[in-house]
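Structure at a glance
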Amino acid sequence: MSSAQATASSIASSAPVAPVITQSAAAAAADKPKPCCVCKDEKAKRDECMLFSKAADPQKDCLSTIDQYRSCMAGFGFKV
């Protein structure tokens, strides 16, 4: 084997391999919605409360709306 063939052979053998995605994994990913597309009402209420709260600690003042958003996202399988 010449040095050119050996180099070509070593380059070909070190090429990255694409991951194999099973049909069930692809179907699960396709069925799960994107986080930006769920709980829009809860997110809007949470954001409005946080932005326009007159409290010294808006996070404490808006705890109920934050919890509603978190539970909604958890219902879709997202951890917030």
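Summary of the structure given here. Treat the numbers as computed from the prediction; the structure is a model and nothing was measured.

So, on to the state of the cysteines. Under the defined criterion, the tally for this structure stands at two disulfides. Disulfide partner of cysteine 39: cysteine 72, at an S-S distance of 1.9 Å. Measuring handedness by torsion sign, the sulfur bridge of cysteine 39 and cysteine 72 sits at about -95 degrees and is left-handed. Pair noted here: cysteine 39 is in the loop between helix H2 (23-31) and helix H3 (40-52) and cysteine 72 is in helix H5 (residues 63-75), with a separation of 33 residues, a long-range link. Taking the relative accessible area as the measure of exposure, cysteine 72 reaches 17% and is therefore buried. Disulfide pairing places cysteine 49 opposite cysteine 62 at an S-S distance of 1.9 Å. The sign of the S-S torsion, about -90 degrees, decides the handedness of the disulfide formed by cysteine 49 and cysteine 62: left-handed. Of this pair, cysteine 49 sits in helix H3 while cysteine 62 sits in the loop between helix H4 (58-61) and H5, and the two are 13 residues apart along the sequence. If you count the bonded cysteines of the protein from the N-terminus, they pair up as 1-4, 2-3. In this model cysteine 36 remains outside any disulfide bridge; the closest cysteine sulfur is found in cysteine 37, 3.5 Å from its own.

The rules behind these values
Residues numbered from 1 in each chain as written. Predicted model: local features only at pLDDT ≥ 70, side-chain atom pairs only at ≥ 80, totals over all residues. Heavy atoms only, no water. Disulfide = S-S within 2.5 Å. Helix = DSSP H or I, 4+ residues; strand = E, 2+ residues; numbered from the N terminus. Buried < 20%, exposed > 50% of the residue type's maximum accessible area, 1.4 Å probe, protein only.

So far we have only geometry, and geometry alone does not tell us how the molecule works.
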